[in-house]
Amino acid sequence: MRLKEKFETLKSRHEGALISYITLGDPSPEESLMIAQSLIDSGNVDVLELGVPFSDPIADGPVIQAAVDRALKAGMNTDKAFEIVERLDKKVPIVYLTYYNIVLQYGVGRFIKECARTGVAGLIIADLPYEESGDVRALCKSEVVDYINIVTPNTSPERMSMILDNASGFVYLVSTMGVTGARESISKSIKQTLDLTIKCSNGIPVAVGFGISRPEQVQSIIGMGADGAIVGSAIVDRIGKGSTMGDIIDFLKGLKSGTSPLKAMTVSKK
Ligand SMILES: O=P(O)(O)OC[C@@H](O)[C@@H](O)c1c[nH]c2ccccc12
């Protein structure tokens, strides 16, 4: 399923997207396939972001670093990542999150063709600066894979409009500088960056990630006008601690309830 279709459906329901991240291969390739499928089947995840593990994940905090280590030790690699995506029953759009080295090693053209063939709807390359992304973006365009850009609170308005002029799928707004990982609170100044991003986004959905781990945080981000909230480390942490699938799905259900601020308001008024 394409990202555009998903975001349009959600919009017509006045609902934000819950985007969940897990690392492929964590704790093992087979188990991560089962986890990914259970998350999709639970109906609480609108977009599934799958990390293709890279040995030096510089944008990742300790929780995801540990997951990447577990995955690599369990024999995870890029071929197996494509195999997993191919086998998934993709009832929601799948987005890959990886680092440029992985793409380069596999062969840029070959990697993007494999994304298209196996049904990866979107691609995020965490460490590829926009200025260097021209070839990858062109290949993604011809293979109909959405290339997803990351913007941060440090992105200048000029750079933001340049990046967003060429955006597709959704825009990934990083809530705070630093690495991935749950935080106590989401910075208040995010509202300002979010407004600027929405203004420059030409109608492409904007999703906010980094540090979101609670339903109230999801609700406040969606309430500020974001089209989606991205949660990674809080889920990966539960996988690492060996939580049951039932507990992880209950956790996601709570987060998903935060994507309907209007509904939540009506309920709390009763
Ligand atoms: O873990 P957090 O703080 O919930 O943030 C989402 C994040 O995990 C996911 O989108 C992600 C995982 N690795 C990344 C590297 C760069 C950008 C984003 C990511």
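Residues numbered from 1 in each chain as written. Predicted model: local features only at pLDDT ≥ 70, side-chain atom pairs only at ≥ 80, totals over all residues. Heavy atoms only, no water.

- The name given to the protein in an unreviewed UniProt entry is Tryptophan synthase alpha chain, with the source organism recorded as Methanooceanicella nereidis.
- Comment text from UniProt for the protein, heading Catalytic activity (unreviewed entry), reads "(1S,2R)-1-C-(indol-3-yl)glycerol 3-phosphate + L-serine = D-glyceraldehyde 3-phosphate + L-tryptophan + H2O".
- The heading Function (unreviewed entry) in the UniProt record of the protein holds the text "The alpha subunit is responsible for the aldol cleavage of indoleglycerol phosphate to indole and glyceraldehyde 3-phosphate." (UniProt positions renumbered as here; feature names shortened; annotations may be inferred.)

**Some details on the packing of aromatic side chains**
- Enumeration according to the criterion identifies eight aromatic pairs in this entry.
- Ring centres of Tyr 106 and Phe 111 lie 5.8 Å apart, and the angle between their planes is 90 degrees; on these two criteria the pair is classed as edge-to-face.
- For Phe 111, a relative accessible area of 0% puts it in the buried group.
- Ring geometry for Tyr 172 against Phe 210: centres 6.2 Å apart, planes inclined by 90 degrees, an arrangement best described as edge-to-face. With a gap of 38 residues between them, Tyr 172 in strand E7 (residues 171–174) and Phe 210 in the loop between strand E8 (206–209) and helix H10 (215–223) connect regions that are remote in the sequence.
- With relative accessibility at 6%, the residue Tyr 172 sits in the buried group.
- Using a relative accessible area of 13% as the deciding quantity, one classes Phe 210 as buried.
- Lying over the aromatic face of Tyr 106, Arg 110 brings its terminal NZ or CZ to 3.9 Å of the ring centre.
- If you follow Arg 238 out to its NZ or CZ, it ends over the ring of Phe 251, 3.6 Å from the centre. (Phe/Tyr/Trp six-rings, centres within 6.5 Å; stacked < 30°, edge-to-face > 60°. Buried < 20%, exposed > 50% of the residue type's maximum accessible area, 1.4 Å probe, protein only. Helix = DSSP H or I, 4+ residues; strand = E, 2+ residues; numbered from the N terminus. Lys NZ or Arg CZ within 6 Å of the ring centre and 35° of its normal.)

**Some points on the site of the ligand**
- Taken together, 18 residues form the shell around the ligand, and within it Glu 49, Asp 60, Tyr 172, Gly 232 and Ser 233 come nearest.
- Between an oxygen atom of the ligand and a side-chain N or O atom of Tyr 172, the distance comes to 2.7 Å.
- In this structure, Gly 232 approaches the ligand through a main-chain N or O atom, which is 2.7 Å from an oxygen atom.
- Protein coverage of the free-state accessible area of the ligand, which is 440 Å², stands at 99%.
- In the shell around the ligand, the residues fall into 11 nonpolar, five polar and two charged. (Near = heavy atom within 4 Å. Polar contact = N/O pair within 3.5 Å; in protein donor to acceptor, adjacent residues only side chain to side chain. Areas by Shrake-Rupley, 256 points an atom, 1.4 Å probe, with all protein chains shown as cover. Nonpolar A, V, L, I, M, F, W, Y, C, P; charged D, E, K, R; others polar.)

**Comments concerning the pattern of salt bridges**
- Per the counting criterion, the structure on display carries 16 salt bridges.
- A salt bridge links Arg 87 to Glu 30, with the nearest nitrogen and oxygen atoms 3.1 Å apart. Within this pair, whereas Arg 87 is found in helix H4 (residues 78–87), its partner Glu 30 is found in helix H2 (residues 29–41), the two being separated by 57 residues in sequence.
- With relative accessibility at 45%, the residue Glu 30 sits in the partly exposed group.
- Taking the shortest distance from any N to any O, the salt bridge between Lys 91 and Asp 41 comes out at 2.6 Å. (Salt bridge = Lys/Arg side-chain N within 4 Å of Asp/Glu carboxyl O.)

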